[in-house]
Amino acid sequence: MDQSPVPPLPLEGLTVVAVEQAVAAPFATRQLADLGARVIKVERIDGGDFARGYDTAAGGLASHFVWCNRGKESIALDVKDPRGLDVVRRLIAGADVFVQNLAQGAAARLGLDAATLCAAHPRLVAVDISGYGAGGPYADKRAYDMLVQCEAGLVSVTGTPERPVKAGIPAADIAAAMYAFSGVLAALVRRGTTGRGGPVEVSMLDALAEWMGHPLHHTMHGGAAPARTGLAHAVIAPYDAYATADGGRVLLSVQNDREWGRLAGQVLGRADAATDPANAARVANRDRTDALVAGALGALTTDEALARLEGAGIACARLRDLHELAEHPQLAARDRWREVGTPVGPLRALLPPITLPGGTEARMGDVPALGEHTGALLRAVGMTDEEIAALRRDGVAA
């Protein structure tokens with residue numbers, strides 16, 4: 001029996017300081033916290049991270065904030081006051097990583113931009129997350145997720161032929177967050193070999209433009225943008241969602257002519273259609289193709305349709321809503337749910353997607369109340385109780 005110790009989380013012992021708000025930076029630093037890093041979140045004294053006020057859906061807390069901020073320590077400071085900024089500088093002096101996504105130019109005015117901090121602290125990895133990057137004509141534009149989805153062309157390829165729509169999740173924020181996360185990991189690896197950290201820059205537009213790779217290359221090199229097709233595929237048929245007899249919808253994908261033959265013969269009951277033309281012709285006659293599939297699946301319940309498709313070796317899925325995702329049998333079978341502590345009590349949350357078999361499970365720490373750790377962190381940077389009381393009295397700390 002293996003008696004070797006369980007390896008610690010890979011970022012155990014690292015400290016991250018973040019002056020962050022909304023989604024992009026908080027989601028990036030949450031990944032670091034889940035992997036063992038200590039994350040100190042610097043928030044405004046007047047309400048904190050404004051994502052705290054987006055909604056009250058998570059038991060009275062904002063769902064965005066609960067999602068992006070578990071496992072962090074919250075300190076509430078007025079960084080525009082020299083005394084508050086001094087506290088941030090003291091925290092950074094003991095940190096391995098600094099992350100900020102303030103409005104363009106704000107970090108530089110405070111001396112908290114990555115270039116300035118890395119010049120002062122050569123081992124520090126410092127991350128600037130922005131909407132459009134530090135230079136160029138868009139540098140100072142406001143960059144909210146929906147706006148960047150539009151600028152990056154995502155909206156142009158999402159939706160129906162009649163109407164473009166934005167993605168239902170903050171895709172630009174998430175893309176920037178994940179590149180910031182991976183950028184930090186890469187910079188830490190480099191620091192391990194060179195002893196130096198360095199700046200990391202990520203823009204929401206750059207990140208989402210990279211995610212647009214398939215339609216972008218299709219358009220640049222093929223000359224025509226892929227059509228908006230709803231749940232259908234622009235160049236494959238049948239590939240869509242079809243209604244079933246009990247009110248559900250089943251999505252299926254036929255990837256080649258062999259699969260079409262099995263679908264036609266074993267599911268549609270149309271062996272005569274199994275020798276129909278190849279995919280290009282099915283796409284050209286999509287209405288006829290879809291009518292064949294819809295007619296057969298519409299006579300079956302969702303479970304019956306899925307069983308028949310699975311039996312024929314056809315890729316398929318149930319079109320689920322979010323309540324059904326929360327009860328997904330695969331997530332339950334793989335024990336992917338945990339409870340996270342919050343100021344309103346425990347809430348369900350998914351384990352992060354990165355699994356390290358044989359190692360310590362991801363650290364899913366509590367979601368902090370605003371300023372919950374202010375006193376402890378101020379003492380940790382050497383302040384006396386009298387100094388802390390003065391900062392609170394003057395509205396510099398909360």
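Preceding this paragraph is the structure being described.
Remember, it's a predicted structure, so these values are computed and weren't measured experimentally.

Caption draft 1: Region of the structure containing the pattern of salt bridges. Summed over the entire model, instances satisfying the criterion amount to 20 salt bridges. Ionic pairing is found between D34 and R30, a salt bridge with its closest N-O pair at 3.0 Å. With a gap of 4 residues between them, D34 and R30 both fall in helix α1 (residues 24-34), about one helical turn apart. Across the pair, R30 and D34 agree in class, each one buried. In this structure, the salt-bridge partner of K41 is D49, at a minimum N-O distance of 3.0 Å. The network of salt bridges with shared partners includes E20, K41, D49 and K72.

Caption draft 2: Representation of the packing of α1 against helix α7 (residues 171-194). It is the contact of α1 with α7, at a shortest axis distance of 8 Å, that shows an interaxial angle of 40°. One way to sum up the angle between α1 and α7 is to call them oblique. With respect to the hand of their crossing, α1 and α7 are arranged in right-handed fashion. For the pair α1 and α7, contact is made by A24, F27, A28, Q31 and L32 and by D173, I174, A176, A177, M178, A180, F181, V184 and L185, respectively. Considered class by class, the residues forming the contact of α1 with α7 number 12 nonpolar, 1 polar and 1 charged.

Caption draft 3: Focus on the sheet that holds strand β7 (residues 239-243). Pairing is antiparallel across the open sheet formed by 3 strands, whose spatial order is β7-β8-β9. Each edge of the sheet is formed by a strand with only one pairing partner; in this case those strands are β7 and β9 (315-318). Across the sheet, the mean angle separating the axes of adjacent strands is 25° when strand polarity is ignored. Looking at chain direction, strand β8 (residues 249-253) and β9 are connected through 4 bridges and run antiparallel. Each bridged residue has a counterpart across the sheet, and for L251 the counterpart in β9 is A317. Taken strand by strand, helix α13 (residues 302-311) contacts β8 and β9, and its axis lies near 160° from that of β9.

The rules behind each value
- Residues numbered from 1 in each chain as written.
- Predicted model: local features only at pLDDT ≥ 70, side-chain atom pairs only at ≥ 80, totals over all residues.
- Heavy atoms only, no water.
- Salt bridge = Lys/Arg side-chain N within 4 Å of Asp/Glu carboxyl O.
- Helix = DSSP H or I, 4+ residues; strand = E, 2+ residues; numbered from the N terminus.
- Buried < 20%, exposed > 50% of the residue type's maximum accessible area, 1.4 Å probe, protein only.
- Axes fitted to C-alpha atoms, helices over the stretch in contact; angles between N-to-C directions.
- Parallel < 35°, antiparallel > 145°, perpendicular 65-115°, else oblique.
- Left-handed = near helix turned anticlockwise from the far one by under 90°.
- Contact = heavy atoms within 4.5 Å.
- Nonpolar A, V, L, I, M, F, W, Y, C, P; charged D, E, K, R; others polar.
- Pairing = 2+ DSSP bridges.

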